[in-house]
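Close look at the chain arrangement
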Amino acid sequence: MTKPRPTTLSAALDRIDELEREAAVAREKFNALLIAHERMLRRIAFPHSERMVHDPNQGQLDFMAGLVAQPPPPPPEPAPEEKASKKPCRPRGRGLRTLPDHLEIIERRIELPESERRDDDGCELVPVGEERSEKLDYVPPRFRKLILIKIRYGRRDSRAPIRTAPSPQFIVERGLATDDLVLHIAYSKYAQALPLYRQRQDWLRLGVDLSVPTACSWMEHLSNLLEPLAGAIRQQVLGEPFLHLDDTPLKKLEPGRGRAKEARIWCYRGGGQVFYDFTDSRAGHWCQDLLRGYSGYVVCDAYSGHDRLFLHPAGASEVGCWAHARRPFHELHLRSAEALDVLLLIQRLYDIDQRSVGAAAVGQLDPYDLRAQLRSAEAPMVLAGIRARCEALTVTATPRSELGQAATYVLNHWEALCRFLEAGFLPLDNNAAERALRPIAIGRKNWLFVASEDGGAWAATNLTVFQSCRQLGVEPMGYLKAIIPALHAGHDPMGLTPRVFAGQKAVA
């Protein structure tokens, strides 16, 4: 509804002032939308490195496996008249019914130990027969047929079977795959960003028609076996004095909705290991539930869903991310002298940390203690300069401008951004969590979505183990082959985590 035209000069002038204010607000909103659009284009279509400042690890890329694929839908039910004219199709099984004849055959004999080759009355047991079973094995770059021969032992006088060598435990009990094959598929999936439907092309090329749903079920078995190990990694991460927290979106299929739903993968990194958690939303209670009772430092971005983590005085303490704070200034530093000025001051914070690393290595000192000393001596003056310039920018720049928003972000999160001064082990930014999430960001370009909530949970468990190995420089295939027998035997998973394994290898 339009307002009536003013009838007096004063009313007309008031109306003009009102329209000018409305135009200014609209113009400011339009400029903010234009800035956001340009920023999105720069980050997506024209990405560039931010290595100007400091971080020697900032540009590393890693690859991972895709998440669990959705089994193909069943064929449509034929019409009644078609059923009468056609022979009913036999339902296909989920795996191979027989192994191809062209595969290389390797036999492995499984015998009783010498100490068990006597009957209860002391009579010696001798081989009287055997049981054969077939497994599909894989030795890169080929498949082979592994025949397990379990020797039956019986009495020499009667030849009746008394005892048989026990079967070895496999990840997929009573399944077709050996552990080597399951681990190879999982490594390709969770460490090399190769989804199962792409791996299947290699299987067909090697002469084995292995279905994607079958391989998916193997990943479920692996996840069930590794779940206690992932829980132990989680406990060790939560036992650290500080941890990194971040999340990234991924799509989850929602049957009946007509489109995929946006789910989340949360990353908790600490002590060289990383724990992943899959949730169907970004609600703040997910990380609150997982971190309940944690009283250390949490390095995170300014997502409002994290705010409740830091309400309790005896709870966790928030550590701000200077990488998030500096990013808008970096985007503007070629066009704005004020942005360049702030950026160079932030650079000095990182320079302090870099000098402490070099000085500690030369003097064989504790790098955290030396870093805390250098920070206490030099960082407060640098922080005072950053705050003064940001306060000046909030006066000279409009609130919705890029420069105004960047300065406001720094001032709104000033306490968290300065918390790194409290301890030398605290990092300046949350780049470690972003690097831990990068494999997922790269992998989802290949696998596109997760098929179900269960599939997301399996993927989070397997990713926890494989990516923790990557963080610690542990070769995941050798590690898993070494600790899986202990997991089958029910050993305490706290002594089997990648961090413990890496420490034992270092001592050895």
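All values reported here derive from a predicted model rather than from experimental measurement.

1. Considering the overall build of the chain
Looking only at helices and strands, the chain features 15 helices and 10 strands. Classification of the 508 residues of the chain by burial places 45% in the buried group.

2. Some words on the packing of helix 4 (residues 196-205) against helix 5 (residues 212-238)
With their axes 10 Å apart at the nearest point, helix 4 and helix 5 run at an angle of 115° to one another. Two packed elements cross with a definite hand, and for helix 4 against helix 5 that hand is right-handed. Here helix 4 contributes L196, Y197, R200 and W203 to the contact with helix 5, which in turn contributes V212, A215 and C216. Looking at the contact of helix 4 with helix 5, its residues break down into six nonpolar, no polar and one charged.

3. A few points about the pairing of strand 2 (residues 125-139)
Each regular strand displays side chains that alternate between the two surfaces of the sheet. Pairing of strand 2 with strand 3 (residues 142-155) involves 14 bridges; the strand directions are antiparallel. Bridge pairing links E130 to I151 in strand 3. Connecting the antiparallel pair strand 2 and strand 3 is a turn made up of two residues.

4. Looking at the state of the cysteines
Overall, the coordinates contain zero disulfides when judged by the stated rule. Not engaged in a disulfide, the cysteine C300 finds its nearest cysteine sulfur in C287; these two sulfurs lie 8.3 Å apart. C300 gets classed as buried once you look at its relative accessible area, which sits at 1%.

5. Comments concerning the nonpolar core
Within soluble globular proteins, side chains that are nonpolar generally end up buried alongside one another. One finds L245, Y268 and Y276 to be the most contacted residues of the largest nonpolar core, which totals 74 residues. When residues of this core are assigned to their parent elements, the largest contribution, 11 residues, is made by helix 5. Setting aside residues no more than four positions away along its own chain, Y276 makes contact with I265, W266, C267, A436, L437, I440, A460, L463, T464 and Q467. Core analysis: the second largest hydrophobic core is formed by 33 residues, F329, A397, A407 and C418 among them.

6. A look at the packing of helix 9 (residues 367-396) against helix 10 (residues 402-412)
Viewed as axis vectors pointing N to C, helix 9 and helix 10 meet at an angle of 135°, and their least axial separation amounts to 8 Å. Here helix 9 lies oblique to helix 10, going by the angle between them. Where helix 9 crosses over helix 10, the handedness of that crossing is left-handed. Contact with helix 9, carried on its side by I386, R387, C390, E391, L393 and T394, involves L403, A407, T408, V410 and L411 of helix 10 and no other residues of that element.

What counts, and where the lines are drawn
Residues numbered from 1 in each chain as written. Predicted model: local features only at pLDDT ≥ 70, side-chain atom pairs only at ≥ 80, totals over all residues. Heavy atoms only, no water. Helix = DSSP H or I, 4+ residues; strand = E, 2+ residues; numbered from the N terminus. Buried < 20%, exposed > 50% of the residue type's maximum accessible area, 1.4 Å probe, protein only. Axes fitted to C-alpha atoms, helices over the stretch in contact; angles between N-to-C directions. Left-handed = near helix turned anticlockwise from the far one by under 90°. Contact = heavy atoms within 4.5 Å. Nonpolar A, V, L, I, M, F, W, Y, C, P; charged D, E, K, R; others polar. Pairing = 2+ DSSP bridges. Disulfide = S-S within 2.5 Å. Core = buried A, V, L, I, M, F, W, Y, C linked by side-chain atoms within 4.5 Å. Parallel < 35°, antiparallel > 145°, perpendicular 65-115°, else oblique.

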